[in-house]
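Tertiary structure, described
The residues making up each chain are set out below.
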Amino acid sequence: LSRKRFVIFLFSLAILAIFNAFSLWSVYLLFADGNFGLMVTMIVLTLLIDIIALNPKGYPYRYMIPAMILLFILTLYPMYYTFRTAFTNYGTGHLFTRQQSIQKLLSDYFYIPESPEEFEFSIFIELDDYKPTDRFITLLKSKETGALFAAPRPQPVTKDAEGNITLATAKMVQVSGDSFSTGGVSYTLSISPDDKILAIRATSGERFIYFYSPQDDSTRPNAPFYFSEIRGIWLRNAEFTDSEGNQVRLFPNSLYTTFATTERKYALRTETTFDAGRAVQETVVYNRQTNRTLVEEGGFFYDIDENGNEFAVEGYISDVGFWNFVRMFRDPKISGPFFQVFGWTFAWAGLSVLFSFTIGLALAITLNDKRLKGKKIYRTLLIIPWAVPAFISALVWRNGFFNETYGVLNRFIVQGLFGLEPIKWLNDAFWAKVSVLLVNTWLGFPYMMTVSLGALQSIPEEFYEASSIDGATKFQRFRKITFPLLMVTVAPLLVGSFAFNFNNFTGIYLVTQGGPAIVGASTPAGATDILISYTFKLAFEGRGQDFGFASAISILIFIIVAGFSWINFKLSGSFEEVSR
Amino acid sequence: MAVERRKYWIRHLILIVVVVVVLFPMVWLVSTSVRRDQAAFSSNLFSSRITFQHYRNLLFPERSVGRLILDLQSATYATGEYRGRSQEDLKKTVERYLVKFEDLMDESEEMVASIENGTSAIEKELKEKESLIIREMNEVRLRDKALFEERLQEIGELSEVKMAYAVGELLETTAPSLEGVYPFYIDLLGERADPIVISLETYRKLYEDVFLYRDETLGAIKELEFENKDEVVRSLESIENYISLSSIDYSEWRRVEWLRVINRYLRDVESTMPQAEQDALNGVRTKLYDSFRAAGDAWEEVEAAAEKVSQDLSLLAEEAFGPEYHEYVSAIEELGVVEADKEAVEKALATSESALAELEDSFQVALPTILSEKSKLSALIPPLQIVISKGVEEYTAVSEARLKSSLDEVDSARKTIGLLQQQLAEMQNVQELSSSLSELLGEMVWFSDNKEALANASGNSEVSKGIDVINIAISNLSRILPVLETSISEYVEVSENTTSLRKELKSLEERSEILGSRIAELKEEADRAEAEYLMALESIRIKSTLALVEEEIASLEDGRAYVSKTTDILDTYFGIRASNRYRTLGWYDDFDRANREARDGTALLNQLISTMRDMKEELSSKVNHYIDLRFLGTTVTLDDFGTMQETYNSLFQQVNARYQRASRLISDLIEKPASYSASYDGELREIDKALFRANQIWVQKESTYFYFVRWLLNSVIVALSVSLISVAVAALAAYPFSRMRFRGRKQGLLGLLLIQMFPTIMFMVALYALLQFIGGLIPFLGLNTLGGLIFAYSGGIAFNIWLIKGYYDTISNSLEEAAMIDGATKFQAFTKVILPLARPILAVVAILTFMSIFNEYLIARILLQDMNKWTYAVGLWQFSGRFETSWGPFTAAALIGAVPMVIFFLVLQDYIVGGLTQGGVKE
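Numbering of residues begins from 1 in every chain and follows the order in which that chain's sequence is written. Throughout, the order in which chains and ligands are written sets their labels, letters from A for the former and numbers from 1 for the latter. In keeping with the predicted nature of the model, local features appear solely for residues at pLDDT of at least 70, side-chain atom pairs appear and are counted solely at 80 or more, and the whole-chain, interface and lining totals rest on all residues. Each side-chain value is derived from all of the structure's non-hydrogen atoms; neither hydrogens nor water enter the calculation.

**What about the overall build of chain B?**
- A tally of helices and strands in chain B yields 33 helices and zero strands.
- Residues classed as buried in chain B amount to 48% of the 923 residues present.
- Should any heavy atoms of two residues lie within 4.5 Å, those residues are considered in contact. For chain B, restricting intrachain contacts to residue pairs at least 6 apart in sequence, the fraction spanning at least 24 positions comes to 80%.
- When the accessible surface of chain B is summed, it comes to about 44800 Å², and 54% of that surface belongs to carbon and sulfur atoms. Put simply, DSSP H or I for four residues or longer makes a helix, DSSP E for two residues or longer makes a strand, and each gets a number counted from the N terminus. Relative accessible area decides the class of each residue, using a 1.4 Å probe on protein chains only: under 20% of the type maximum gives buried, over 50% gives exposed, and in between gives partly exposed. Shrake-Rupley sampling with a 1.4 Å probe provides the accessible areas, and residues are treated as covered by the protein chains on show and by no other component.

This is the structure in structure tokens:
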């Protein structure tokens, strides 16, 4: 037995070691990535797990290791992230860290000098089984001097999120006579009697044949391949460096039919500034074309144009303190809609609970009779709206029922039955609110009915018998016995339901998408938006995303919901359960 | 006991009503998903034409012709989803598609045949039943006749005057004619209509003459040969277009036919003829012209006579229905005029009132300047007063002149302002401006009054500073004064206009009131007269159709004419809708129309099929070579696809339009069955089916259909994985919370509670970056992968830990203790004892998680980009946007997802309710 345990022990140790190795590796990568939040999370998680696993007192905690991994990475870290973001200006225009922004400034911006050296070029391609591949060599010919240069396929340096190359570089070398060498391989040109370059042969045996040149019409049939596989992938952001260190890129002024020397627009330099009488050496970004230092302000790098006006070049994420929270109250264009949304969130949650509970309770009372036949069938049928996935119901209501022109409600009930004007269910602020409440009541009353039914059944018969002896009327019985006893069980559930509806994104977003928009709001707020859908729209919809503001609202929601839940636990006595 | 039972009966009724209302959306959902027609555009809430095509499209998507052409093209060019496939693979795919194409063509032909079979069968049978329809119609006609006669009897004989008056009213809206209902009316009038009868008779004679001489002219030129003979003959024959028994257009005929053709060419011909013949032709020709002109004149007389008679008849009103009625009618007429005037005046009034408001607004703009200048001046007065009161003379010629010129300007401004103020004094709405102007005046007066005193002190520094202030004030005022002047004069003008309009309106209102009360007084009497009048009208109109009902209907054409002529009367006086009454005929006509549409469509479709077959042959002969070529690096474009696409687009659209119309008509025939259609129901449904299938074969199908099964599968994979992971992890983590005491237990439980309250919306930003990072290390957990999505979902275990912990708490400790006494470790006790006992809650948690993940769409929408990686929820969301009115596909897609969930839920409802109410949170 002890041997078996020993094996298990070794096995666990091995797993722990692998886990540690993996997390160290990811910590290293995260550090390189500059993602310190997740890095710290990983470090804490790893240390915690190591302690739990190696410390004999940590036995109870060992059960929780998998849960901990998931919670740390998928819940605690995002929570931390939200808190962190709430105090930054993270959003459109401020999507990168300062370091990344500087990197972008240095690598992504170019200018064309007044008289660039232009190169005509031709592409030579290696065939594989008579099919063109994307292994190619570029031959460049200076328009000025007629000198010939060659460049191998550029190496990708940076890629964007979709994996497209955003910068690829290679050295271009001069062709002397009919040969050149680059990357340790030498190449020879095969030249036809009429002085055309037909192919390039490498000493290692590869052969690149003449494939395409914008200046040569006879290669036109190969243009599609060139555009999609060569230029679209490799050359668009390629940068060849000549022996003097000049960068050569595809030349926009010739519609990319030639290469031309370009210059990086921004570079770093050290400047000496005086701070409190002391000279401070500072690294700054400056514009090489104008030789002006970029101004840094409010999370933006500003360049200065020829008229002396500042314009934003790159923004980066910077701390803004409590600004996002202050904005909720201060900026009239934001606070107006915000308070409207805030108010409606409470109204929506309250009315949803009120309506569904009233209807649910009424039905429960109707059904709560042992002598009523088919009780089970009624209950099952009435529970169906709850059983259907809410997002499906919401979409069905929106598409089939609320559509202004085709919807069932307008065509068959409002116009058909009552002969009234069609109602703008989704495009009028009032009716949109009615719509979402209608759907939510429909979705929510079965739950209330079920809960009330359960609670009603648990009220002892004796109370009623006693009251009927005392001659109480039916209404009195309801008011004095049923309702108070019911509320004992149901009240916490009502608060819970309130909290749920407070964040009921589906109930709003899938029906009205928060619309119709509030007029004059500078944020994408709508008349039926509740805080959570407003947050979603701020973060993910529209042209301008504002993660910082969205995070701040998230935190506000958290505080409110936590408050309600606290009341709820007080009511239901869950705290005792915790401390039991 | 009986009372009790009744109560339950009511309760059942209420519950049933509630259930019906509550489940209506579900019923609608189910019924709409199996409808064949476009539910969004149908006027019926439900339909009996059922199809499972939408389900088939989603679950077993079929490539229709439109889709197939596109896919063939993509496969041949190796683009889109075929990118990167091997040569052999592509060839096989193309081959398969071509076979499918051929199959579809065959099937189309079958459908065409089936449509034709159905329609021709019905057609044949209908032909046989034609006589039946006619007999039926005759029966209806006789019934109509009886109805008419009965009604006439009811109305009885009305006095001649009343009848005449009623006919007069009818004549006003009926043009004179020698045919149709007009002669009948004239007949009723007897000798009252003599002038019309006489002139009409004249016209008839001339009308006949015209045709007589026309024929003679034609005869005269028959033997002749001349250059423009054809033209002349056509012109002569087209004379019917200009003259008929109910109208004539002499001037048009003269211009277009006579002068340009007949006269012009015949005159030339005549000049080449011998004298005698020339005279003869000229004679008939002139007679033709003369008679036409005379007919034109005669018609004018007819119209004049008709006018006269009609006027005379309208004078009969008093005689026929009494003076009150007459007065009543004229009062109503006048009231109409008055009301129209009133409306015009009200409109003008509204315009000038809004102009006034506009001007008042501009006064508001002037107010601040006036007030501020006024206060400047008034602030200036006290110090100047002090200077003056000292009475020290202190001036130079320059200072005096400067002061005087300033004060002169004050004076002139004062005059202007005084005038303005006077104009405004009596206006109600501009008192503010008026009073501020008068205050300003008050201040200015002081300066004028103390001109001399100020002049004496003009050398004083206070005074000279004062002059500066005055100058500024005056120059400020003079900026607004001209504007104010013009707007005030406009204002005065407009308000005068308004006043007069108001007066006019008032007098009109009075008149209308008087008329209204008179009308009310006369109403009772007038109503009675009106009723009589209407009765007269009715009797006349019925009488006018009596001839029609007498006539036997011999053919369907007759029947249609009969229907069109009697429809109005039957509808107005007997409340019988023609569409109900002649259902069989209507049915026949509808079917005929549908048949024609279907036949046109079929002809086009046959053409389309044969063209497509040829193109397909052409294509299949070269497509393999093309693929070979492409793999050799040469890309040429195949025109075949372009032409195929074009043919498809242009022809199918036409076919489809016709088939859609046919299908609509036929569906109406099925949906509203007359007793008649029942016998063809089978055939009609067969045709309907074939039309629908033909559409399905050809129509361009949504590409989303082809992903649907994939989405469902993705959802099941994700939801299943997450629920397994989640239950395993939560079951493990809940154990120590329930059974052991350790540091941080309470905090941990509270922490779990807190965690689940945090809104997860913003998590997505973090998760997005997280998955991007992880995807770099472990590709199958990255963005846009199902693995990544499963990982992201697995974080929501806090609530599950609580649920499971709660259940563990209910399991007695003694069982574990017993196991441990038997030598089990704590972990073994957990796995061997607790876990099996906790199976119910584990199942519930797994199912709840499954359902909530299946329903989750937000995170999935953000993390998954590729369409084939989407989950069902994301797909359905896209569906709903894309198919806003294509309810068939949408509802079917919704139900496919909803039904399993509903069944799950209903079967497990007790567990779910128990589990959820414990946690106190819905969902």
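Let's pick the thread back up.
**Some remarks on the side chain of Glu 816 of chain B**
- Structurally, the position occupied by Glu 816 of chain B is in helix α27 (residues 814–821).
- In contact with Glu 816 of chain B, not counting residues within four places along its chain, are Tyr 735, Arg 739, Ala 829, Val 833 and Ile 834 of chain B.

**Considering unusual backbone geometry**
Residues and elements named next belong to chain A.
- Positive phi, normally seen in glycine, also occurs at Asn 291, with a value near 65°.
- In this structure, Gln 513 takes a positive phi of about 55° despite not being glycine.
- Secondary-structure assignment places Gln 513 in the loop between α15 (505–512) and α16 (531–540).

**Section: the packing of aromatic side chains**
- Two rings from Phe, Tyr or Trp (for Trp, the six-membered ring) form a pair when their centres sit within 6.5 Å of each other. Planes less than 30 degrees apart are called stacked, planes more than 60 degrees apart edge-to-face, and all others tilted. According to the stated counting rule, one finds 87 aromatic pairs over all chains in the structure shown.
- Ring geometry for Trp 386 of chain A and Tyr 447 of chain A: centres 5.4 Å apart, planes at 75°, overall edge-to-face. Residue Trp 386 of chain A is located in helix α9 (residues 375–387), and its partner Tyr 447 of chain A is located in helix α12 (residues 429–457); the two are separated by 61 residues in the primary sequence. The same class applies to Trp 386 of chain A as to Tyr 447 of chain A, namely buried.
- Centroid distance Phe 401 of chain A to Trp 28 of chain B: 5.0 Å. Interplanar angle 65°. Geometry classified as edge-to-face. One end of the pair, Phe 401 of chain A, is in helix α10 (residues 390–401); the other, Trp 28 of chain B, is in helix α1 (residues 2–33), on a second chain.
- When its relative accessible area of 2% is taken as the criterion, Trp 28 of chain B is described as buried.
- Among the aromatic side chains, those forming a connected cluster through ring pairs are Trp 397, Phe 401, Phe 402, Trp 425, Phe 430, Trp 431 and Trp 442 of chain A together with Phe 24, Trp 28 and Trp 887 of chain B.
- Above the ring of Trp 344 of chain A, the side-chain terminus of Lys 433 of chain A is found at 5.0 Å from the ring centroid.
- Remark: a charge is flagged as sitting over a ring if the NZ atom of Lys or the CZ atom of Arg is within 6 Å of the ring centre and within 35 degrees of the ring normal. If you follow Arg 36 of chain B out to its NZ or CZ, it ends over the ring of Phe 692 of chain B, 5.0 Å from the centre.

**Focus: the sheet that holds strand β17 (residues 292–293) of chain A**
All names here are of chain A.
- In this scheme, strands are said to pair when DSSP sees at least two bridges between them. Across the sheet, which stays open at both edges, the three strands sit in the order β15-β16-β17 with antiparallel pairing between neighbours. The open sheet terminates on both sides in strands that have one partner only, identified here as β15 (266–275) and β17.
- Inspection of the sheet shows β15 paired to strand β16 (residues 278–287) by 10 bridges, in the antiparallel sense. Across the sheet, Thr 270 pairs through a bridge with Thr 283, a residue of β16.
- On top of the sheet, helix α5 (residues 98–108) reaches β15 and β16; it is set at about 130° to β15, its chief contact. All axes are obtained by fitting lines to C-alpha atoms, using only the stretch in contact for helices, and the reported angles, taken between N-to-C directions, cover 0 to 180 degrees.

**What about the sheet that holds strand β19 (residues 300–304) of chain A?**
Residue and element names in this part refer to chain A.
- With antiparallel pairing, the three strands of this open sheet are ordered in space as β18-β19-β20. On the outer flanks of this sheet lie β18 (295–297) and β20 (310–315), each paired with one strand and no other. Looking at each pair of strands side by side, their axes are set apart by 35° on average, direction ignored.
- Pairing geometry for β19 and β20, over five bridges, is antiparallel.

**Let's talk about α16 of chain A**
- The element α16 of chain A is extensively covered by neighbouring structure, given that nine of its 10 residues are classed as buried.
- The complete set of buried residues in α16 of chain A reads Leu 531, Ile 532, Ser 533, Tyr 534, Thr 535, Phe 536, Lys 537, Leu 538 and Ala 539 of chain A.
- Of the surrounding elements, those touching the buried residues of α16 of chain A are α8 (332–367), α14 (474–502), α15 and α17 (547–572) of chain A together with α30 (858–863) of chain B.

**A word on the nonpolar core**
- In this text, buried Ala, Val, Leu, Ile, Met, Phe, Trp, Tyr and Cys residues form a nonpolar core when linked through side-chain atoms within 4.5 Å. Ranked by size, the top nonpolar core spans 219 residues in total, and within it Ile 392 and Ile 553 of chain A together with Leu 770, Phe 791, Ile 801, Tyr 808 and Leu 876 of chain B carry the most contacts.
- The next biggest cluster of nonpolar side chains, apart from the first, holds 80 residues, and it includes Leu 206, Val 338, Leu 508 and Leu 522 of chain B.

**Overview of the interface of chain A and chain B**
- Between chain A and chain B, the residue contacts involve 105 residues of the former and 104 residues of the latter.
- Here, a salt bridge means any side-chain nitrogen of Lys or Arg that lies within 4 Å of a carboxyl oxygen of Asp or Glu. Taken together, the connections running from chain A to chain B amount to one salt bridge.
- Note that Asp 369 of chain A and Arg 11 of chain B form a salt bridge whose closest N and O atoms lie 3.3 Å from each other.
- Pairs of N or O atoms are called polar contacts if they sit within 3.5 Å, as long as, within protein, a hydrogen donor faces a hydrogen acceptor (for residues adjacent in sequence, only side-chain-to-side-chain pairs). The tally of links between chain A and chain B comes to nine residue pairs in polar contact (both at pLDDT 80 or more).
- Considering every element that reaches the side of chain A that touches chain B, the biggest residue donor is helix α4 (residues 65–86) of chain A, with 14 residues.
- Classifying every residue of the side of chain A that touches chain B by side-chain character gives 74 nonpolar, 18 polar and 13 charged. Note on residue categories: nonpolar means Ala, Val, Leu, Ile, Met, Phe, Trp, Tyr, Cys or Pro, charged means Asp, Glu, Lys or Arg, and polar means any other residue, Gly included.

**So, empty space enclosed by the protein**
Residue and element names in this part refer to chain B.
- Buriedness for pockets is judged along seven lines, at least five of which must meet protein on both sides within 12 Å for an open set on the 1 Å grid over protein atoms alone, while cavities are sets there where a 1.4 Å probe fits but cannot get out, and lining residues have an atom within 4 Å of a point. Grid points are joined across faces, edges and corners, and a volume is the space filled by probe spheres set on the points. Across all of its chains, the model carries two cavities of 30 Å³ or more by this definition.
- Taken as a whole, the second largest cavity spans an internal volume of roughly 40 Å³.
- What lines the second largest cavity is Ser 715, Val 718, Ala 719, Tyr 793, Ile 853, Phe 854, Glu 856 and Thr 871.
- Counting residues per element, the ones that place at least two in the lining of the second largest cavity are α22 (708–739) and α29 (839–855).
- A per-element tally of the lining of the second largest cavity places α22 first, with three residues.
- Its residues assigned to classes, the lining of the second largest cavity shows five nonpolar, two polar and one charged.

**Focus: α29 of chain B**
- Helix span, as expected, comes to 1.5 Å for every residue beyond the first. With 17 residues, α29 of chain B ought to run about 24 Å at 1.5 Å a step, and its terminal C-alpha atoms sit 24 Å apart, in line with that.
- Across the 17 residues of α29 of chain B, 13 count as buried, placing the element largely inside the fold.

**Observations regarding a nonpolar patch on the surface**
Residues and elements named next belong to chain B.
- Each patch is built from salt-bridge-free residues with over 30% relative accessible area, joining like charges within 9 Å and nonpolar side chains (Val, Leu, Ile, Met, Phe, Trp, Tyr) within 5 Å. Residues Trp 9, Ile 10, Leu 13, Ile 14, Val 17 and Val 21 make up a contiguous nonpolar surface patch of roughly 600 Å² in combined accessible area.
- Within the secondary structure, Ile 10 is located in helix α1.
- Accessibility expressed as a relative area gives 37% for Ile 10, which makes it partly exposed.

**Digging into the packing of helix α8 (residues 229–237) of chain B against helix α9 (residues 250–271) of chain B**
Residue and element names in this part refer to chain B.
- With their axes 10 Å apart at the nearest point, α8 and α9 run at an angle of 135° to one another. With respect to their mutual orientation, α8 and α9 come out oblique. Crossing angle aside, the handedness with which α8 passes α9 is left-handed. Counting all contacts with α8, which are made through Glu 231, Val 232, Arg 234, Ser 235 and Leu 236, the residues of α9 involved are Glu 257, Val 261, Ile 262, Tyr 265 and Leu 266.
- For the contact of α8 with α9, the per-class residue count stands at six nonpolar, one polar and three charged. Our angle categories are set so that under 35 degrees counts as roughly parallel, over 145 as roughly antiparallel, 65 to 115 as roughly perpendicular, and the remainder as oblique. Here is the rule for handedness: rotate from the far helix to the near one, and if that takes an anticlockwise turn smaller than a right angle the crossing is left-handed, while a clockwise turn gives right-handed.

**What to know about the confidence of the model for chain A**
- Chain-level pLDDT for chain A is 85 on average; 96% of the residues reach the 70-or-more range.
- Between the elements of chain A, mean pLDDT differs from a low of 57, seen in helix α18 (residues 574–579) of chain A, to a high of 92, seen in α12 of chain A. Each residue carries a pLDDT score, the predictor's own confidence in it, on a scale running from 0 to 100.

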